[in-house]
Every structure is written in C-alpha cells, then in structure tokens.
Number of protein chains: 2
Amino acid sequence: MDFRQLRQFVVLADELNYRKAAERLNMTQPPLSIAIKRLEADLGVQLFERDRLGVRLTMAGGVFLGEARRLLDGAQAALQVTRDAAQGRI
Amino acid sequence: MDFRQLRQFVVLADELNYRKAAERLNMTQPPLSIAIKRLEADLGVQLFERDRLGVRLTMAGGVFLGEARRLLDGAQAALQVTRDAAQGRI
DNA sequence: AATGCTTACGGGTCACGTAATGATT
DNA sequence: AATCATTACGTGACCCGTAAGCATT
C-alpha cells in the first residue's frame with residue numbers, strides 16, 4: 001500500500017468507472033486495473049464488486065475510502081507543516 | 001514520499017545512526033542513505049544534519065517526525081478497520 | 001460494432017546489495 | 001586500523017503504455 005495506490009483508489013471510488021478514473025489520473029485503464037488488483041491483494045480485502053452493471057464499492061471498500069482520504073489529507077498536511085517549519089514559519 | 005520512506009525516516013530519527021537504523025530495517029546503509037537523500041529532495045527540506053559528531057534532526061526534521069509517526073499509525077489503523085469490516089466485525 | 005475491464009508483453013525507472021571511496025577518530 | 005557515511009555499479013522488481021483478448025450491450 002502506498003500513496004499512489006490510495007490516490008488511484010479514491011479516484012476510482014469516486015468515478016466507479018475505470019476509463020474515467022484512469023483519465024483523471026492521467027494514465028490508461030490497464031495499469032489502473034492492475035494497481036487496484038494489487039492493492040486488494042495487499043490488503044487481503046476486496047474493495048470493489050465488478051459485475052454486468054458496473055463497478056461498486058464493497059462495504060469494506062467504503063470503510064477504506066474514508067481511511068484513504070484521511071491518509072491523503074494527512075500526507076498533504078505533513079508536507080505543509082514541514083515546509084513551513086523549514087522556512088522558520090512557526 | 002511513500003510509507004517505506006516514512007518508516008526509514010522514523011527509524012533513522014530514532015537511532016541517529018545509519019548502520020543501526022539500516023540493521024533494524026533489514027537493509028544495508030547505502031540504500032538507506034540514498035532513500036533519505038531522496039526523501040529530503042522530494043520534500044525540498046533538509047531533515048538531518050550530518051557533521052563530525054554524527055547525525056542530528058533539524059528542526060523541520062523534528063516536525064516531520066511527528067507527522068510521519070501519525071501517518072504510519074494511521075496507515076496501520078486503516079488496514080485494521082478495513083480488514084475488520086471485510087470480516088463483518090463492525 | 002462498441003464499450004468496458006482484463007491479460008500479455010516490452011521498456012524504463014527504481015530499490016536493493018556488493019564493492020569501492022572518502023572522511024573522521 | 002576502525003567506524004561511519006557516501007558514491008559506483010549490476011540485478012531484479014515494478015509501473016506504465018501499447019496491443020490483444022473477452023464479455024456485455
């Protein structure tokens with residue numbers, strides 16, 4: 001699990017469409033599909049359901065979505081405060 | 001910035017010694033040295049001071065240490081709650 | 001046919017270990 | 001000499017894009 005995967009997951013959870021998600025991520029569908037599969041394997045948890053009707057979040061996927069957003073926000077905040085500290089703006 | 005770098009940074013900040021930190025991380029000094037340099041470059045912030053006396057955290061490094069610990073704890077918590085959710089333990 | 005997701009494959013990047021170098025005690 | 005950190009270099013893993021395959025509409 002890394003931040004890149006978290007970003008990919010959040011965008012896919014928002015779009016529920018691999019093509020559109022990949023477009024927003026400036027990449028193509030195949031590597032996105034593989035990255036999500038790999039994330040699910042790493043977690044040992046299925047995050048999406050794929051069937052005829054399309055892509056949907058599982059319950060665990062919904063839980064992970066909140067966590068992923070929190071982590072991404074936290075990462076951005078970490079950069080911010082660290083850079084501010086480096087410039088003496090404390 | 002990724003979680004692997006955060007783990008390496010936190011251990012090095014704890015040990016203030018590349019050899020010992022690398023040992024705890026089950027790796028060798030050279031890749032650790034490079035990974036930390038890369039992290040500093042990514043952030044645009046110097047996290048450690050190296051001089052005759054050894055390795056010390058900069059002020060910004062101290063700030064980042066708190067953030068890194070929070071992010072790593074958050075990642076672990078995210079795994080936990082997601083796996084629990086997947087097993088219906090909500 | 002067209003759309004959407006997945007598998008197959010080749011290329012570039014990156015992380016690691018080993019080896020060699022530099023610096024300090 | 002010994003210890004510690006940093007380059008230098010070769011190998012293996014991984015991410016990505018292109019191409020091909022498969023299913024559904």
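In what follows, the accompanying structure is described. These numbers come from a predicted model, not from an experiment.

### Concerning the pattern of salt bridges
- Tallied over the full model, the rule gives 14 salt bridges over all chains.
- The closest approach of N and O atoms between Glu15 of chain A and Arg24 of chain A, which form a salt bridge, is 2.9 Å.
- Its relative accessible area of 27% is what places Glu15 of chain A among the partly exposed residues.
- Among the ionic pairs, Asp14 of chain B bridges to Arg24 of chain B, the shortest N-O distance being 2.7 Å. Highlighted residues: Asp14 of chain B in helix H1 (residues 3–15) and Arg24 of chain B in helix H2 (residues 18–24), separated in sequence by 10 residues.
- Residue classification places Asp14 of chain B among the partly exposed positions, given a relative accessible area of 45%.

### Quick word on the environment of Ala75 of chain A
- Within the secondary structure layout, Ala75 of chain A lies in helix H4 (residues 59–86).
- Ignoring any residue separated from it by four or fewer positions in sequence, one finds Ala75 of chain A in contact with Phe3 of chain A together with Met1 and Leu71 of chain B.

### A few points about the pairing of strand E1 (residues 48–51) of chain A
All names here are of chain A.
- Inspection of the sheet shows E1 paired to strand E2 (residues 54–57) by 4 bridges, in the antiparallel sense. For Arg50, the partnering residue across the bridge sits in E2 and is Val55.
- Count of turn residues in the E1/E2 antiparallel hairpin: 2 residues.

What counts as what
Residues numbered from 1 in each chain as written. Chains lettered and ligands numbered in written order. Predicted model: local features only at pLDDT ≥ 70, side-chain atom pairs only at ≥ 80, totals over all residues. Heavy atoms only, no water. Salt bridge = Lys/Arg side-chain N within 4 Å of Asp/Glu carboxyl O. Buried < 20%, exposed > 50% of the residue type's maximum accessible area, 1.4 Å probe, protein only. Helix = DSSP H or I, 4+ residues; strand = E, 2+ residues; numbered from the N terminus. Contact = heavy atoms within 4.5 Å. Pairing = 2+ DSSP bridges.

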